[in-house]
Amino acid sequence: MTDSLHTLFAAWGDPAPEGRAAKTDAAIGPRFYYSDPNTPAPIEGRAAYLDYIAQFSAKMPGAAAKVVAVSQHHGHARATVDFEKDGKRMVRGQYFADLEDGKVVRLIGFPGMGEPD
């Protein structure tokens, strides 16, 4: 059930727009919502999400995102994700997902692991 999370984050590191699109299409449901602190507003839909990860790819060529831990229950999942470049972790974050029929329909990201300010 959490394979879609691995696939979705693999899209972040795919250098080809077609590869990012194919991975995204395999992982998301028809109503997709995404938010993290770097988005000016929540993103809704496939096209807006693909634009967002294309910006990541353009700003950080060769960078990738990898799910390093995941847990799930009752159609919800929590994923710990490492963003890496040149084999080194740049940032680790947590993402909270709602899943429907094995696909991600809502994904909310937070940098860090909830450390106190």
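The preceding data block contains the structure.
Cut-off values and rules
- Residues numbered from 1 in each chain as written.
- Predicted model: local features only at pLDDT ≥ 70, side-chain atom pairs only at ≥ 80, totals over all residues.
- Heavy atoms only, no water.
- 1 Å grid on protein atoms, 1.4 Å probe; cavity = no way out; pocket = protein on both sides within 12 Å on 5 of 7 lines; lining within 4 Å.
- Points joined across faces, edges and corners; volume = space filled by probe spheres on them.
- Nonpolar A, V, L, I, M, F, W, Y, C, P; charged D, E, K, R; others polar.
- Helix = DSSP H or I, 4+ residues; strand = E, 2+ residues; numbered from the N terminus.
- Phe/Tyr/Trp six-rings, centres within 6.5 Å; stacked < 30°, edge-to-face > 60°.
- Buried < 20%, exposed > 50% of the residue type's maximum accessible area, 1.4 Å probe, protein only.
- Expected span 1.5 Å × (residues − 1).
- Arc of directions from axis to C-beta.
- Pairing = 2+ DSSP bridges.
- Axes fitted to C-alpha atoms, helices over the stretch in contact; angles between N-to-C directions.
- Parallel < 35°, antiparallel > 145°, perpendicular 65-115°, else oblique.
- Left-handed = near helix turned anticlockwise from the far one by under 90°.
- Contact = heavy atoms within 4.5 Å.

There is about 360 Å³ of room inside the largest pocket. What lines the largest pocket is a set of 17 residues, and nearest its centre among them are Trp12, Asp36, Asn38, Tyr52 and Phe56. Per-class residue counts for the lining of the largest pocket are eleven nonpolar, four polar and two charged.

Attention shifts here to unusual backbone geometry. One non-glycine residue, Asp86, lies in the positive phi region at around 55°. Tracing the backbone shows Asp86 in the loop between β4 (76-85) and β5 (88-100). Of note, Asp101 is a non-glycine position whose phi angle comes to about 50°, a positive value. By the element assignment, Asp101 lies in the loop between β5 and β6 (103-111).

As a further point, take the packing of aromatic side chains. Applying the stated criterion across every chain, the model contains 14 aromatic pairs. When the centroid spacing of 4.8 Å and the interplanar angle of 65° are considered together, the rings of Phe9 and Tyr95 count as edge-to-face. Taken together, the positions of Phe9 in helix α1 (residues 3-10) and Tyr95 in strand β5 put the pair 86 residues apart, joining distant regions of the chain. Accessibility assignment for this pair places Phe9 and Tyr95 in one class, buried. Ring plane angle 75° and centroid distance 6.4 Å describe the contact between Trp12 and Tyr49, whose orientation is recorded as edge-to-face. Placement of Trp12 in the loop between α1 and α2 (17-27) and of Tyr49 in helix α3 (residues 46-59) is noted, with a sequence separation of 37 residues between them.

Here we take up α3. In this model α3 runs 20 Å from its N-terminal to its C-terminal C-alpha over 14 residues, within 8% of the 20 Å that 1.5 Å per residue would give. Within α3 the residues assigned to the buried category are Tyr49, Leu50, Tyr52, Ile53, Phe56 and Ser57. End-on, the buried residues of α3 take up no more than an arc of 160°, which puts them together on one face. Opposite its buried face, α3 presents the exposed residues Ala58 and Lys59, each directed more than 90 degrees away.

Within the open sheet, the six strands sit side by side as β2-β1-β6-β5-β4-β3. Their pairing is mixed. Edge positions in the open sheet fall to β2 (43-44) and β3 (64-73), since each of these has one partner strand only. Bridge count between strand β1 (residues 28-35) and β2: two bridges; the pairing is antiparallel. Among the inter-strand pairings, Tyr33 is bridged to a residue of β2, identified as Glu44.

Turning to the packing of α2 against α3, a few remarks are in order. Contact geometry of α2 with α3 gives a least axis separation of 11 Å together with a crossing angle of 135°. Here α3 runs oblique to α2, going by the angle between their axes. With respect to the hand of their crossing, α2 and α3 are arranged in right-handed fashion. Together, Arg20, Ala21, Thr24 and Asp25 of α2 and Arg46, Tyr49, Leu50, Ile53, Ala54 and Ser57 of α3 make up the contact between the two elements. Along the lines of polarity and charge, the residues of the contact of α2 with α3 split into five nonpolar, two polar and three charged.

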